[in-house]
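Tertiary structure, described
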Amino acid sequence: MSRIATDIEEPADPEADQPPPRDDHAFLGHPRGLATLSGLEVWERFSFLGMQAILVLYFADTVANGGLGMNPGTAASVSAAYGTMVYLVSVAGGWLADRILGSYRAVLWGGILIACGHYAMAVPTAAMTWAGLGLISAGTGLLKPNVASMVGKLYRTDDDRRDAGFALYYMGINIGAFAGPLITGWLGEHQGWHWGFSAAAVGMTAGLVQYVLGRRHLAGRKHSAEFALAPAAMRSAVRKIVGGLLAVAALATVLAGLGWLTMGRFVDLLTLISVIAPVVYFAVMFRSPRVSAEERGRLRPYAVLFLASVAFNFILFQAYSTMMLLASTNAETSILGFHFPASWYASALGAFEVALAPVVAALWVRMGRRQPHASNKIAIGVLLGGLSFLLMIIPTSGHGGDTYKMAAWWIIGSYLLLGLGDILLETSGMSATTKLAPKAFSSQTMALWFLSLALANGIQAQVVKLYGEVSNPVYFGVNGGIAIAVGLAVIALAPWLRRTMHPVH
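Quick summary incoming for the structure in this document. (Residues numbered from 1 in each chain as written. Predicted model: local features only at pLDDT ≥ 70, side-chain atom pairs only at ≥ 80, totals over all residues. Heavy atoms only, no water.)

**A look at the side chain of serine 79**
Structurally, serine 79 can be placed in helix α3 (residues 72–101). For serine 79, the contacting residues outside a window of four places in its chain are Leu55, Val56, Phe59 and Tyr320. (Helix = DSSP H or I, 4+ residues; strand = E, 2+ residues; numbered from the N terminus. Contact = heavy atoms within 4.5 Å.)

**Here's the deal with the packing of helix α10 (residues 293–316) against helix α17 (residues 472–492)**
Orientation of α10 relative to α17, taken along the N-to-C sense of each, is 155 degrees, at an axis distance of 10 Å. As far as their axial angle goes, α17 and α10 are roughly antiparallel. α10 and α17 meet at a crossing whose hand is left-handed. On the side of α10, the interface is formed by Val304, Ala308, Ala311, Phe314 and Ile315, while α17 contributes Asn479, Ala483, Val486 and Val490. (Axes fitted to C-alpha atoms, helices over the stretch in contact; angles between N-to-C directions. Parallel < 35°, antiparallel > 145°, perpendicular 65-115°, else oblique. Left-handed = near helix turned anticlockwise from the far one by under 90°.)

**Some remarks on the side chain of glutamate 353**
By secondary structure assignment, the location of glutamate 353 is in helix α12 (residues 345–367). Arginine 45 is the oppositely charged side chain nearest to the buried, salt-bridge-free glutamate 353, at an N-O distance of 9.8 Å. Leaving out residues up to four positions away in the same chain, glutamate 353 has contacts with Asn174, Gly419, Asp422 and Ile423. (Buried < 20%, exposed > 50% of the residue type's maximum accessible area, 1.4 Å probe, protein only. Lys, Arg positive; Asp, Glu negative; His and termini not counted. Salt bridge = Lys/Arg side-chain N within 4 Å of Asp/Glu carboxyl O.)

**Some words on the environment of alanine 92**
Tracing the chain through its elements places alanine 92 in helix α3. Owing to a relative accessible area of 40%, alanine 92 belongs among the partly exposed residues under this scheme. For the pair alanine 92 and leucine 142, spaced 50 residues apart in sequence, the C-alpha separation works out to 7.8 Å.

**Section: the pattern of salt bridges**
For the structure on display, the rule yields four salt bridges. A salt bridge links arginine 45 to glutamate 44; the nearest nitrogen and oxygen atoms lie 2.7 Å apart. Grouping residues by exposure puts arginine 45 and glutamate 44 together as buried.

The following block contains the structure:
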């Protein structure tokens, strides 16, 4: 939209950036805009995790069955690299919304790119698959970091409903995570993988429609960015961004044509970037003159929690890669006589988080000030993640070949531990991030968190190459053991973390 059009429209809506009136209780006692944003996240997670539940199976399936014929380790590695790219792009998504697009347009264009990506993947050719994954990565990078910030804008600082509102919002995320694999998994394994991708496309389109229809109920709905660059600086930034993207695309095309940029090297490059980015980010914060000595002291414990997040999410993200591969080859796909696609196991994770999140929240309320310190909650989450992998040693051991079938309850039990760990770590980790980040970098706290997720995926992209090369008990035992060691290390550091993490309790 042109600058003139923006200037004409915005004065007509002077409350576009103001929270709704305090008497807006239209959605379960919360502002009506929460229904719009929660609904968008239901469909975004439906499409994203629904697609991800079948993506690694599609990569690993034979060409004759409509897959890409990759070996299991490569399939898991490429799937992890896709996750790395999503979270690396998310770091830039917050900046683009703050400085150029504005939150509403960033989410809108992000959703459009995601939908286009899923529609591209519905076309049964490898080229459209890769194009679709690129569009989804870019779109998720725009949408994901900005929807949460729009939820926050629905409430004034002193509104007691804020925490409960975020709880409802995250409930929507987990509903989408539960429902997505059920639909895409059934279609993918019964009708064809690209039918599953089509369902993801329809889901994202539904989310976009209700987002646009509910726009008038959103704070932050104006077209201009909240901290927009000056016109000349914005034009320069847009030229540099477009020019940079075109240059990278041209270079990648040339290198691919020369045979240098193979899929394996692209995965390695993403892993390298995922390692370098957080190192640079922390170095900038530690050396910045805008960061006080007190704030610098709080960065040290945050670095420990950052690494704990990496260790846990390294396990969590494999719920959609190695665990899906294991379920498809070595797990029973029937319970009490009911048969289901292997990808339905992914829905168990979302179901457990929907069921357990209110229980955990009620427990913390009941315990009050006696509840564990945030660092211990994060440590327990990492331990549960490690235990979810160690549990898999039992059903994968003592078999003469790879043709055995384990009972469904083993994988469901693993996901139960993983879901509970995710609830403990993600909520405490995000809260700690917002409180420990230096004021000068407060608007970029989501970037810090996404970098831990990118690094977890980047490491996973390398480690999962061993899946199928070593025995399953060794693979799950070593990875689970490392997570357990990290969790115990965080617990051992608890006295120091409690001293240095003030004001986090």
